[in-house]
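# Descriptive analysis of the structure
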Amino acid sequence: MVSIMSLSKYSPLFLLVSFPLLVTLAHAASFEIRNQCQYTVWAAAVPVGGGRRLNRGESWTINVPAGTTQARIWGRTNCNFDANGRGNCQTGDCNGLLQCNAFGKPPNTLAEYALNQFSGQDFIDISLVDGFNIPMEFSPTGGCTRTIRCSADINGQCPGQLRAPGGCNNPCTVFKTPQYCCTNGPNTCGPTDFSRFFKDRCRDAYSYPQDDATSLFTCPGGTNYRVIFCP
């Protein structure tokens, strides 16, 4: 399996949407998105939510329909938008819009999810397959006890070849070669020194697209969730 999210070919829960949904008696899930960073974060969420500016200490709640797949939440940094919601961000930019309707530009730390899938379960993960820009925690708020966290100083320790303004790229963004699982379809690639850099610092996060065994988690359908920037 490859990582859920990227509507791009590199995302972890991608394959989940290739099968019929087994959604019975399903309920919408709420996602509280909270900014605990010392700086402003422009939160983004697709396909449900769009975007919202969050100053330090602010939160935003979105309600997501049961059966939603290929979904992600991320934070954007150093943004400037005009009164019409058009502008740009240094990291995570989504076609220059405050209200995102497409995935963000790497590098960006991702909370990915697909709701009410096999046996009614939700699938969740934090992915660094599109790189890293903001520390993140992704956790259920009830009905499940799995907390996923990536709070290491990845930007400060980022290898020189992967450094980007405001973040740390995944090698696929930089090199685009099969060695790093940068192709669509069946892959036989494995971890590399670059993926181990991410995995050593964030043990529960996807470090490359084939990293399912230690990075993809489930909760019962109907669970509500919280995403925290800078936990």
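Considering all chains together, one arrives at nine salt bridges under this definition. Salt-bridge contacts for Arg226 lead to Glu32; the nearest nitrogen and oxygen are separated by 2.8 Å. Remark: Glu32 occurs in strand 1 (residues 29-35) and Arg226 occurs in strand 14 (residues 224-229); sequence separation between them is 194 residues. Salt-bridge contacts for Glu137 lead to Arg149; the nearest nitrogen and oxygen are separated by 2.4 Å. Placement of Glu137 in strand 9 (residues 136-142) and of Arg149 in strand 10 (residues 148-150) is noted, with a sequence separation of twelve residues between them.

In this section: the environment of Tyr208. Within the element layout of this structure, Tyr208 appears in the loop between helix 3 (193-201) and strand 13 (217-220). For the pair Tyr208 and Phe198, spaced ten residues apart in sequence, the C-alpha to C-alpha distance is 8.9 Å. Each residue touching Tyr208, except ones within four places of it in the same chain, is listed here: Val129, Cys181, Cys189, Gly190, Pro191 and Ser195.

So, about the sheet that holds strand 10. Taken in spatial order, the five strands of this open sheet run 4-1-14-9-10, and their pairing is mixed. Unpaired on one side and paired on the other, strand 4 (59-64) and strand 10 mark the two borders of the sheet. Mean inter-strand twist for the sheet, computed between neighbouring axes without regard to direction, equals 20°. With six bridges joining them, strand 9 and strand 14 adopt antiparallel strand pairing. Each bridged residue has a counterpart across the sheet, and for Pro140 the counterpart in strand 14 is Tyr225.

Here the focus is helix 3. Those residues of helix 3 that fall on the buried side of the exposure criterion are Phe194, Ser195, Phe197, Phe198 and Lys199. The elements touched by buried residues of helix 3 are helix 1 (154-157), strand 12 (167-168) and helix 2 (171-175).

This part covers the confidence of the model for the protein. Put simply, the protein has an average pLDDT of 88, and 87% of its residues get 70 or more. Note that residues 1-25 has pLDDT below 50 and, in this model, 93 contacts with residues that lie over four places away or in other chains.

Quick look at the environment of Pro191 now. Structurally, Pro191 can be placed in the loop between helix 2 and helix 3. Residue classification places Pro191 among the partly exposed residues on the basis of a relative accessible area of 43%. For the pair formed by Pro191 and Gln179, sequence separation is twelve residues and the distance between their alpha carbons is 9.0 Å. If we skip the residues at most four places from it in the chain, Pro191 touches Arg196 and Tyr208.

Another point: the state of the cysteines. Considering all chains together, one arrives at eight disulfides under this definition. Covalent S-S linkage joins Cys144 and Cys219, the inter-sulfur distance amounting to 2.1 Å. Residues Cys144 and Cys219 share a disulfide whose torsion about the S-S bond is about -75°; that sign makes it left-handed. Linking Cys144 in the loop between strand 9 and strand 10 with Cys219 in strand 13, this pair joins segments that are 75 residues apart in sequence. Its relative accessible area of 2% is what places Cys219 among the buried residues.

Most peptide bonds take the trans form, and the phi angle of most residues other than glycine is negative. Cis geometry is found at the peptide bond from Val46 to Pro47, where omega equals 5°. Take Pro47: it is sitting in the loop between strand 2 (41-46) and strand 3 (50-54). For the peptide bond that leads from Pro106 to Pro107, omega is 0°, which places it in the cis range. By the element assignment, Pro107 lies in the loop between strand 6 (87-91) and strand 7 (110-114). Phi at Asn78 is positive, roughly 50°, even though this residue is not glycine.

Take the pairing of strand 7 next. The buried count for strand 7 comes to five of five residues, which makes it a mostly enclosed element. Residues Leu110, Glu112 and Ala114 of strand 7 are buried on one face, and the alternating residues Ala111 and Tyr113, pointing to the opposite face, are buried as well. Where strand 5 (residues 71-81) lies against strand 7, four bridges are found, and the strand directions are antiparallel. Bridging across to strand 7, Ala71 finds its partner in Tyr113. Where strand 7 and strand 8 (residues 121-127) come together, five bridges link them in antiparallel fashion.

What counts as what
- Residues numbered from 1 in each chain as written.
- Predicted model: local features only at pLDDT ≥ 70, side-chain atom pairs only at ≥ 80, totals over all residues.
- Heavy atoms only, no water.
- Salt bridge = Lys/Arg side-chain N within 4 Å of Asp/Glu carboxyl O.
- Helix = DSSP H or I, 4+ residues; strand = E, 2+ residues; numbered from the N terminus.
- Contact = heavy atoms within 4.5 Å.
- Pairing = 2+ DSSP bridges.
- Axes fitted to C-alpha atoms, helices over the stretch in contact; angles between N-to-C directions.
- Buried < 20%, exposed > 50% of the residue type's maximum accessible area, 1.4 Å probe, protein only.
- pLDDT = per-residue confidence, 0-100.
- Disulfide = S-S within 2.5 Å.

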